[in-house]
Amino acid sequence: MTLRVTVVTIFPQMIEQYLTSSLLARARERELLVVDVVDLRAYTDDPRRSIDDAPYGGGPGMLMMPEPVLRVLAEEPKIVHPVIGLSPIGSTFSQADAEELSTLEGFTLICGRYEGFDARIEQRCDRLLSIGDFVLAGGELAALVVVEATARLLAGVLGNEESPREESFASDRLLEYPQYTRPRVIDGREVPQVLLSGDHAEIARWRHSQRLVRTLELRPDLIQARGGISAEEVELLHRYGYDELLQTIDKERFER
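Summary of the structure given here. Keep in mind it's a predicted model, so treat the numbers as computed, not measured. (Residues numbered from 1 in each chain as written. Predicted model: local features only at pLDDT ≥ 70, side-chain atom pairs only at ≥ 80, totals over all residues. Heavy atoms only, no water.)

**Description of helix α4 (residues 95-102)**
Then step 1. Of the positions making up α4, those classed as buried are Gln95, Asp97, Ala98, Leu101 and Ser102. One side of α4 holds all its buried residues, which, seen down the axis, span an arc of 155 degrees.
Then step 2. Considering only its buried residues, α4 is in contact with β1 (3-9), β5 (83-92), β6 (106-111), β7 (127-130) and α6 (140-151). (Buried < 20%, exposed > 50% of the residue type's maximum accessible area, 1.4 Å probe, protein only. Helix = DSSP H or I, 4+ residues; strand = E, 2+ residues; numbered from the N terminus. Arc of directions from axis to C-beta. Contact = heavy atoms within 4.5 Å.)

**Some details on the pattern of salt bridges**
Side chains carrying opposite charge are able to pair once their charged atoms draw close together.
Then step 1. One pass over the structure, following the stated rule, counts 13 salt bridges.
Then step 2. Here Glu202 ties to Arg205 by a salt bridge, and the two come within 2.7 Å at their closest N and O atoms. Linking Glu202 with Arg205, this pair stays in helix α8 (residues 200-218), spanning 3 residues, or about one helical turn.
Then step 3. For the salt bridge of Glu202 with Arg239, the shortest nitrogen-to-oxygen distance reads 2.7 Å. Remark: Arg239 occurs in helix α10 (residues 231-239) and Glu202 occurs in helix α8; sequence separation between them is 37 residues.
Then step 4. On the basis of relative accessibility, which here comes to 16%, the residue Glu202 falls in the buried class.
Then step 5. The exposure class of Arg239 is partly exposed, given its relative accessible area of 48%.
Then step 6. Overlapping salt bridges bring together Asp97, Glu100 and Arg127 as one network. (Salt bridge = Lys/Arg side-chain N within 4 Å of Asp/Glu carboxyl O.)

**Some remarks on the packing of α8 against α10**
Then step 1. Between α8 and α10, whose axes approach to 9 Å, the crossing angle comes to 100 degrees. Considering their axes alone, α8 and α10 lie roughly perpendicular with respect to each other. Taken together, the residues of α10 that come into contact with α8 (itself represented by Glu202, Arg205, His208, Ser209, Leu212, Val213 and Leu216) are Glu233, Leu236, Leu237 and Arg239.
Then step 2. Its residues assigned to classes, the contact of α8 with α10 comprises 5 nonpolar, 2 polar and 4 charged. (Axes fitted to C-alpha atoms, helices over the stretch in contact; angles between N-to-C directions. Parallel < 35°, antiparallel > 145°, perpendicular 65-115°, else oblique. Nonpolar A, V, L, I, M, F, W, Y, C, P; charged D, E, K, R; others polar.)

**Focus: the sheet that holds strand β2 (residues 33-39)**
Within a sheet, adjacent strands bond to each other through the backbone by hydrogen bonds, running parallel or antiparallel.
Then step 1. Taken together, the 5 strands give an open sheet; going across it, the order is β2-β1-β6-β5-β7, and neighbouring strands pair in parallel fashion. Because the sheet does not close on itself, it has two edges, and the strands there are β2 and β7. With strand direction ignored, the average angle separating the axes of adjacent strands in the sheet is 35 degrees.
Then step 2. Where β5 meets β7, 5 bridges bridge the pair, whose relative direction is parallel. Opposite Thr92, over in β7, you have Ser130 as the bridge partner. (Pairing = 2+ DSSP bridges.)

**Structural notes on the side chain of Thr6**
Then step 1. Examined against the element boundaries, Thr6 turns out to sit in strand β1.
Then step 2. For Thr6, a relative accessible area of 0% translates into the label buried.
Then step 3. Here the side chain of Thr6 touches Lys78 through a polar contact of 2.5 Å, landing on its backbone oxygen.
Then step 4. Discounting chain neighbours no more than four positions away, the residues touching Thr6 are Asp36, Val38, Lys78, Ile79, Val80, Phe107, Thr108 and Leu109. (Polar contact = N/O pair within 3.5 Å; in protein donor to acceptor, adjacent residues only side chain to side chain.)

**Some details on the state of the cysteines**
Then step 1. A complete count under the given rule lists 0 disulfides for this structure.
Then step 2. Unpaired in terms of disulfides, Cys111 finds its nearest cysteine sulfur in Cys125, a separation of 11 Å.
Then step 3. Among the residues examined, Cys111 registers a relative accessible area of 2% and is labelled buried.
Then step 4. You can call Cys125 buried: its relative accessible area is 10%. (Disulfide = S-S within 2.5 Å.)

**Digging into the packing of helix α1 (residues 12-19) against helix α2 (residues 22-29)**
Then step 1. Packing of α1 against α2 brings their axes to within 7 Å, and their N-to-C directions diverge by 85 degrees. Judged by the angle between their axes, α1 and α2 are roughly perpendicular. Here α1 contributes Glu16, Tyr18 and Leu19 to the contact with α2, which in turn contributes Leu24, Ala25 and Arg28.
Then step 2. Grouping the constituent residues of the contact of α1 with α2 by class yields 4 nonpolar, no polar and 2 charged.

Here it is in C-alpha cells:
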C-alpha cells in the first residue's frame, strides 16, 4: 500500500529538501510514500502572487487570504482528503493520530503562515492539527513532523517491523524502556545484568517494568490517560524493587 500525502505551502523548497534525506527518501524510493508539494503562490491571481492581507477589525500581523487556498482545494488534482490545516488552535498531534493517518490512502496538509488562516480556510479543512502548545513562523516544520511520524509506521519503511511497537507512545501509551550498547561499563556505570542474562522472558518483564517506571516518573499524565496500572504491573514493580515508587502512587488515580 502506498500512502499519498499532498503538502500545500508557500515554501515548497523547504519541504522538498527534507524529503530527499534519510527515512523519507527511502520510503519514496520504495514507493511506499508519495509526497506531492503544491506551491500555494501558483494559485494566486495578481502579479505580486499575494497570499496574505491585513485582518478586518485591525490587529497586528497579516492573515492568509482564503482565495488561494480555496482555489487549491477546488482545482488541484492532487488534493487528497482528509484536508488537515496545521494551526496552533488545532488538536495536539499524537502517536495515535499518526497511527490513524498511516492506515489511510492519503491526506493533505495545509501549512499556515503569518498570523494564521482566514477563518473560512479553517471551515474548509476536515480537521486542524497542532504539534504542540507553541507558535512557529509557519506550518512547514509541523507538516514534516506529521509526514515523518506517519510514514515510519508504514510496513516496509523501517528495517525492523517490531520497532514501532516498542517505542514511546505505542499502543499501551507507555514511554520506551532505557536501552544500552557497548561498552558494558563506562564511567563506572554498567549495563544492567538482566540484559546480559540471555533470559528473554526476564528481559521482557524488566523492560516493561522500566517503561512503567519512566512513565510514572516523567509522564504520569499518560498513566492516567491509559486508565492506570494493573495489579500485574504493580506486582512487576514490586518484583524489581520499586516499592518506594509504589508508595508514592495515588492508588485512586493510578491503579486499575
